[in-house]
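The residues making up each chain are set out below.
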Amino acid sequence: MNWSFQLYSARNFQPWAKVLETLGKLGYTEVEGYGGLYQDPAGLRAELDKNGLKMPSGHFSLDMLENDFDTALSTARTLGMGLVVCPHIAAELRPSDAGGWRAFGERLGKVGKRFAGEGITFGWHNHDFEFVKLDDDTVPQEHILDAAPDIAWEIDVAWVIRGGGDPMLWIDRYAERIAAIHVKDIAPEGEATDEDGWADVGYGTVDWKGLVRTLRDRTAAKYFVMEHDNPNDFERFAKRSIDAAKIF
């Protein structure tokens, strides 16, 4: 199984050339991009190739996707992506009711249709806020996905949990939509406070061994992406996580 690595996890450990060299030596074969990396797609592609890495998936801001689609498409093609993901919407721009979230989902659906026409899958990546109940007892995530039935979902299981959701229920409901998984772990209560409560994969409270088995069996997900939002040491996180994953 190929394990990917979300390069956002290493944003504080520059230069990128050294980061990519380290990941290649640790046994990663894939990485996932994010918005801060795309200033020179051709140069990034050369560094990836040099270290035996591919970038089959990447995050792009909603602003670029809606207002500079051609640049997003060109970047994705240069880097060899088959999956483009919108990862977030700022707090001040988030709708407050079901209708607003459905309208947001429809916006994503329009972006998805443009990528589908180019042979690229498009999806949404969740955080925790999508699982916080609205006034009508529904949650944003269902409105986003139901309003855009043709887009994929990159499920961040740890954020589902932090938002109060049950990952297994969401996997059951949308298994056929899940194209990628963020493999992220949660530290025991009160631990790793200097790392925002996240843990190296396999060293926290999430049952990743069981979840990986379930996700392999029940979804067509191609990408299992290691992520830590704020590691003290990206190399420690990368190494311990890929070593732990050998038993998944």
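Residues numbered from 1 in each chain as written. Predicted model: local features only at pLDDT ≥ 70, side-chain atom pairs only at ≥ 80, totals over all residues. Heavy atoms only, no water.

Caption draft 1: Layout of the side chain of histidine 182. Residue position: histidine 182 is located in strand β7 (residues 178-183). Residue classification places histidine 182 among the buried residues on the basis of a relative accessible area of 0%. One polar contact links histidine 182 to glutamate 32, side chain to side chain, over a distance of 2.7 Å. Contacts of histidine 182, omitting those with residues within four sequence positions, involve Gln6, Glu32, His59, His125, Glu154, Ile155, Asp156, Val157, Trp208, Val225 and Glu227. (Helix = DSSP H or I, 4+ residues; strand = E, 2+ residues; numbered from the N terminus. Buried < 20%, exposed > 50% of the residue type's maximum accessible area, 1.4 Å probe, protein only. Polar contact = N/O pair within 3.5 Å; in protein donor to acceptor, adjacent residues only side chain to side chain. Contact = heavy atoms within 4.5 Å.)

Caption draft 2: How the structure looks around the pattern of salt bridges. Applying the stated criterion to the full structure yields 16 salt bridges. For the salt bridge of arginine 173 with glutamate 142, the shortest nitrogen-to-oxygen distance reads 3.5 Å. Here glutamate 142 lies in helix α6 (residues 140-147) and arginine 173 lies in helix α8 (residues 167-174), a separation of 31 residues in the sequence. (Salt bridge = Lys/Arg side-chain N within 4 Å of Asp/Glu carboxyl O.)

Caption draft 3: Main features of the nonpolar core. Counting residues in hydrophobic clusters, the biggest one holds 75 residues, and the most contacted among them are Trp3, Phe5, Leu7, Met55, Phe115, Ile181 and Trp208. With 6 residues, helix α5 (residues 98-116) is the largest single contributor of residues to this core. Apart from the residues within four sequence positions on either side, phenylalanine 5 is in contact with Ala10, Leu23, Tyr28, Glu30, Val31, Glu32, Val225, Met226, Phe234, Phe237 and Ala238. Counting residues in hydrophobic clusters, the runner-up holds 7 residues, among them Leu83, Ala152, Ala179 and Tyr223. (Core = buried A, V, L, I, M, F, W, Y, C linked by side-chain atoms within 4.5 Å.)

Caption draft 4: Structural detail: the sheet that holds strand β10 (residues 223-226). Ordered by their spatial adjacency, 8 strands build an open sheet running β1-β10-β7-β6-β5-β4-β3-β2, and the pairing between neighbours is parallel. Each edge of the sheet is formed by a strand with only one pairing partner; in this case those strands are β1 (3-5) and β2 (30-33). Averaged over all pairs of adjacent strands, the angle between strand axes in this sheet comes to 30°, irrespective of strand direction. Of the strand pairs in this sheet, strand β5 (residues 121-125) and strand β6 (residues 152-156) are connected by 3 bridges, and their pairing is parallel. Paired with tryptophan 124 across the two strands is tryptophan 153, which belongs to β6. Helix-sheet contacts for α5 involve β4 (83-86) and β5, and the interaxial angle to β5 is about 155°. Packing against the sheet, helix α9 (residues 208-218) makes contact with β1, β7 and β10, and its axis sits at approximately 170° to β7. (Pairing = 2+ DSSP bridges. Axes fitted to C-alpha atoms, helices over the stretch in contact; angles between N-to-C directions.)

Caption draft 5: Broad picture of α9. Within the span of α9, buried status applies to Trp208, Gly210, Leu211, Val212, Thr214 and Leu215. Where α9 is buried, its residues contact β1, α7 (157-162), α8, β7, β8 (185-186) and β10.

Caption draft 6: Structural detail: the packing of aromatic side chains. One pass over the structure, following the stated rule, counts 19 aromatic pairs. Ring centres of phenylalanine 5 and tyrosine 28 lie 5.5 Å apart, and the angle between their planes is 75°; this geometry places the pair in the edge-to-face category. You can see phenylalanine 5 sitting in strand β1 and its partner tyrosine 28 sitting in the loop between α1 (16-26) and β2, a full 23 residues away along the chain. This pair shows no difference in class: phenylalanine 5 is buried, exactly as tyrosine 28 is. Cluster of aromatic residues (ring-pair linked, three or more members): Phe5, Phe13, Tyr28, Phe234 and Phe237. Taking NZ or CZ as reference, lysine 184 lies 4.6 Å from the ring centre of tryptophan 198, over its face. (Phe/Tyr/Trp six-rings, centres within 6.5 Å; stacked < 30°, edge-to-face > 60°. Lys NZ or Arg CZ within 6 Å of the ring centre and 35° of its normal.)

Caption draft 7: Representation of the packing of helix α4 (residues 69-79) against α5 in the model. Running from N to C, α4 and α5 point in directions that differ by 50°, and their axes come no closer than 12 Å. Our classification of the angle between α4 and α5 gives oblique. Judged by the sense of rotation from one axis to the other, the crossing of α4 with α5 is right-handed. Across the interface between the two elements, Phe69, Asp70, Ala72 and Leu73 of α4 pack against Val111, Arg114 and Phe115 of α5. When the residues that make up the contact of α4 with α5 are grouped by side-chain class, the tally is 5 nonpolar, no polar and 2 charged. (Parallel < 35°, antiparallel > 145°, perpendicular 65-115°, else oblique. Left-handed = near helix turned anticlockwise from the far one by under 90°. Nonpolar A, V, L, I, M, F, W, Y, C, P; charged D, E, K, R; others polar.)

Caption draft 8: Here's a closer look at the packing of α6 against α8. Closest axis-to-axis distance for the α6/α8 pair is 13 Å, and the angle between their directions is 15°. Accordingly, the angle class assigned to the pair α6 and α8 is roughly parallel. By crossing handedness, the relation of α6 to α8 is classed as right-handed. Residues Gln141, Glu142, Leu145 and Asp146 of α6 touch α8, and the partners they reach there are Trp170, Arg173 and Tyr174.

Caption draft 9: Broad picture of a negative patch on the surface. A cluster of like negative charges, contributed by Asp97, Asp135, Asp136 and Asp137, occupies part of the molecular surface. Of note, aspartate 97 is situated in the loop between β4 and α5. (Patch = residues over 30% accessible without salt bridge, like charges linked within 9 Å, V, L, I, M, F, W, Y side chains within 5 Å. Areas by Shrake-Rupley, 256 points an atom, 1.4 Å probe, with all protein chains shown as cover. Lys, Arg positive; Asp, Glu negative; His and termini not counted. Charge placed at Lys NZ, Arg CZ, Asp CG, Glu CD.)

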